[in-house]
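# A structural walkthrough
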Amino acid sequence: MGFMNGKRGLIVGIANEHSIATAIAQSLLREGAQCLFTHLPGEKNERRTRKAIESIGIADPWLAAMDAGSDQELDAVFAKIGAEFGSIDFLVHCIAYADKDWLKPEKFAGTPRAVFNTALDLSAYTYIAMANRAAPLMTNGGSMIALSYLGAERAVPGYNAMGVAKAALEASTRYLAMELGAKNIRVNAVSAGPVRTMSAMAVGGFSEILDWVVKKAPLKRNITATEVGDASAFLLSSLSSGITGQVVYVDSGYSIMGL
Ligand SMILES: NC(=O)c1ccc[n+]([C@@H]2O[C@H](COP(=O)([O-])OP(=O)(O)OC[C@H]3O[C@@H](n4cnc5c(N)ncnc54)[C@H](O)[C@@H]3O)[C@@H](O)[C@H]2O)c1
């Protein structure tokens, strides 16, 4: 019997087999959870997401199109879940977006207003927007996580506007935890070390970041997506019932180092 037996929740952010959300889903499934999914609108996106979900053993998933930048689409998906299932126990926010032309070393100061606002909207505000719609469905309490990165707290060349968006995401985690705690809903973030995914490859100098972790992190290696999946499953389960408002690092220990 897995520690997520009898728990049901929504996972947002599977683009393909390499997505961190795919590894999180795999850990949750292994522990007995029922997972619902969304994909970015568009036939090609749906096909890729479906293929990734099939790769972890679900042949006929609950899958809905959703652009998290649209309040109408967010409303529609959460209403559909409410109508079909009545309640959920967990939410996984595993999405981010910033124009990759501005995710390059030496390009931060010139970030255009629209690029900055879109990064903040899609990478941070969407956690608030989803939490606010998920909370009324968490009638027996619940747990949610979002994915962050050390660039929220330290200046990482090339991470730029995404770093500022992750800082907003981590602050939003604390404010959401404060407000939703009375309903026994826990809100945390996982700060993952670098993992080769489609989004990560958009960050200029990403390969150097991977090499640097191997040189400097206490564990002398990069993390795997499975390690993020397992830590996420723990945070979404009752095993972590006393933990809320936290940013939990799954990064081979890199974040503790001073040099
Ligand atoms: N890969 C890493 O090194 C790393 C490290 C730390 C944190 N993260 C974070 O993990 C999360 C998942 O990223 P990933 O690395 O798995 O890459 P990914 O490209 O596989 O996933 C990003 C997801 O964001 C979704 N997305 C973007 N805009 C959206 C929108 N408007 N509406 C709905 N979905 C949208 C994409 O469809 C995709 O599924 C992101 O928050 C990312 O910042 C990644």
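See the structure above.
What follows covers the nonpolar core. Within soluble globular proteins, side chains that are nonpolar tend to cluster in buried spots. Judged by nonpolar contacts, the single largest core of 33 residues is most densely connected at Ile11, Leu28, Phe37, Phe90, Val92 and Leu147. The set of elements that each furnish at least two residues to this core consists of helix H1 (20-30), strand S2 (34-39), helix H2 (43-55), strand S4 (90-93), strand S5 (142-148), strand S6 (185-192) and helix H7 (225-236). The residues contacting Ile11, other than those within four sequence positions of it, are Ala21, Ala25, Leu28, Cys35, Leu36, Phe37, Thr38, Phe90 and Val92. In terms of nonpolar packing, the next biggest core, distinct from the first, is built from 31 residues, Met144, Leu169, Leu180 and Val187 among them.

This paragraph deals with the site of the ligand. Ser19, Ile20, Val195, Thr197 and Ser199 are the nearest of the 27 residues found near the ligand. A distance of 3.2 Å separates an oxygen atom of the ligand from a polar atom in the backbone of Ile95. A distance of 2.5 Å is found between an oxygen atom of the ligand and a side-chain nitrogen or oxygen belonging to Thr197. Burial of the ligand by the surrounding chains reaches 92%, relative to a free accessible area of 820 Å². For the ligand, the cavity whose grid points lie within 2 Å of the majority of its atoms is the largest pocket. Taken together, the residues that form the shell around the ligand break down as 18 nonpolar, 7 polar and 2 charged.

Thresholds applied
- Residues numbered from 1 in each chain as written.
- Predicted model: local features only at pLDDT ≥ 70, side-chain atom pairs only at ≥ 80, totals over all residues.
- Heavy atoms only, no water.
- Core = buried A, V, L, I, M, F, W, Y, C linked by side-chain atoms within 4.5 Å.
- Buried < 20%, exposed > 50% of the residue type's maximum accessible area, 1.4 Å probe, protein only.
- Helix = DSSP H or I, 4+ residues; strand = E, 2+ residues; numbered from the N terminus.
- Contact = heavy atoms within 4.5 Å.
- Near = heavy atom within 4 Å.
- Polar contact = N/O pair within 3.5 Å; in protein donor to acceptor, adjacent residues only side chain to side chain.
- Areas by Shrake-Rupley, 256 points an atom, 1.4 Å probe, with all protein chains shown as cover.
- 1 Å grid on protein atoms, 1.4 Å probe; cavity = no way out; pocket = protein on both sides within 12 Å on 5 of 7 lines; lining within 4 Å.
- Sits in = over half its atoms within 2 Å of the grid points.
- Nonpolar A, V, L, I, M, F, W, Y, C, P; charged D, E, K, R; others polar.

So, to be careful, I would describe these as geometric facts and stop short of saying anything about function.
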